[in-house]
Amino acid sequence: MSATQDAPLLDDAAGRLIRPYTVSNGRTRPTTVLDLLSLVMATGTVPQVHLGPEHSVALGLCGGPTSVAEIAAHLRLPAVVTKVLLSDLVDCGAVTAHPPAFHDMPTDRSLLEAVLDGLRRQL
């Protein structure tokens, strides 16, 4: 069994040992509005409530501004479960979350077409 910080509660042969919905206690809606590109960062405040191992790993990933999508990938959890975990951390003051910064620049059509062409070649 491998119990590294990058893969909590995983078994090399069996995969995840605990279902994702149990990690979030069956909750499917975060209490904080988070986008996949929202940046989350640790505040340095130690949570005063008991949190699960996935919460601890997620908190450890927030040393610098980190996107929700990146944290979900490291945890190997669905984005919605990761959002619930991160909202728990926001609620107890352990992390802050900021929406992604979008610039008011128009999107370049040729860039979007190049991306679409690249995706089509991958499929």
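Residues numbered from 1 in each chain as written. Predicted model: local features only at pLDDT ≥ 70, side-chain atom pairs only at ≥ 80, totals over all residues. Heavy atoms only, no water.

On to the overall build of the chain. When helices and strands are tallied, the chain shows five helices and five strands. Counting from the amino terminus, the chain carries its helices and strands in the arrangement β-β-α-β-α-β-α-α-β-α. Taken across its 123 residues, the chain has 29% of its residues classed as buried. The contacts of the chain with a sequence gap of at least 6 include a subset with a gap of at least 24, amounting to 70%. Total accessible area on the chain is roughly 8200 Å²; 58% of this is exposed by carbon and sulfur atoms. (Helix = DSSP H or I, 4+ residues; strand = E, 2+ residues; numbered from the N terminus. Buried < 20%, exposed > 50% of the residue type's maximum accessible area, 1.4 Å probe, protein only. Contact = heavy atoms within 4.5 Å. Areas by Shrake-Rupley, 256 points an atom, 1.4 Å probe, with all protein chains shown as cover.)

Here we take up helix 2 (residues 53–60). Among the residues of helix 2, those classed as buried are E54, H55, V57 and A58. Projected down its long axis, helix 2 carries its buried residues within an arc of 165°, all on one side. (Arc of directions from axis to C-beta.)

A separate point is the packing of helix 3 (residues 68–75) against helix 4 (residues 79–91). When two helices pack together, their arrangement is given by the angle between the helix axes and the distance between those axes. At a closest axis distance of 9 Å, the pairing of helix 3 and helix 4 adopts a crossing angle of 105°. Comparing their axes, helix 4 and helix 3 come out roughly perpendicular. For the pair helix 3 and helix 4, contact is made by V68, I71, A72 and L75 and by A79, T82, K83, L85 and L86, respectively. Taken together, the residues of the contact of helix 3 with helix 4 sort by class into seven nonpolar, one polar and one charged. (Axes fitted to C-alpha atoms, helices over the stretch in contact; angles between N-to-C directions. Parallel < 35°, antiparallel > 145°, perpendicular 65-115°, else oblique. Nonpolar A, V, L, I, M, F, W, Y, C, P; charged D, E, K, R; others polar.)

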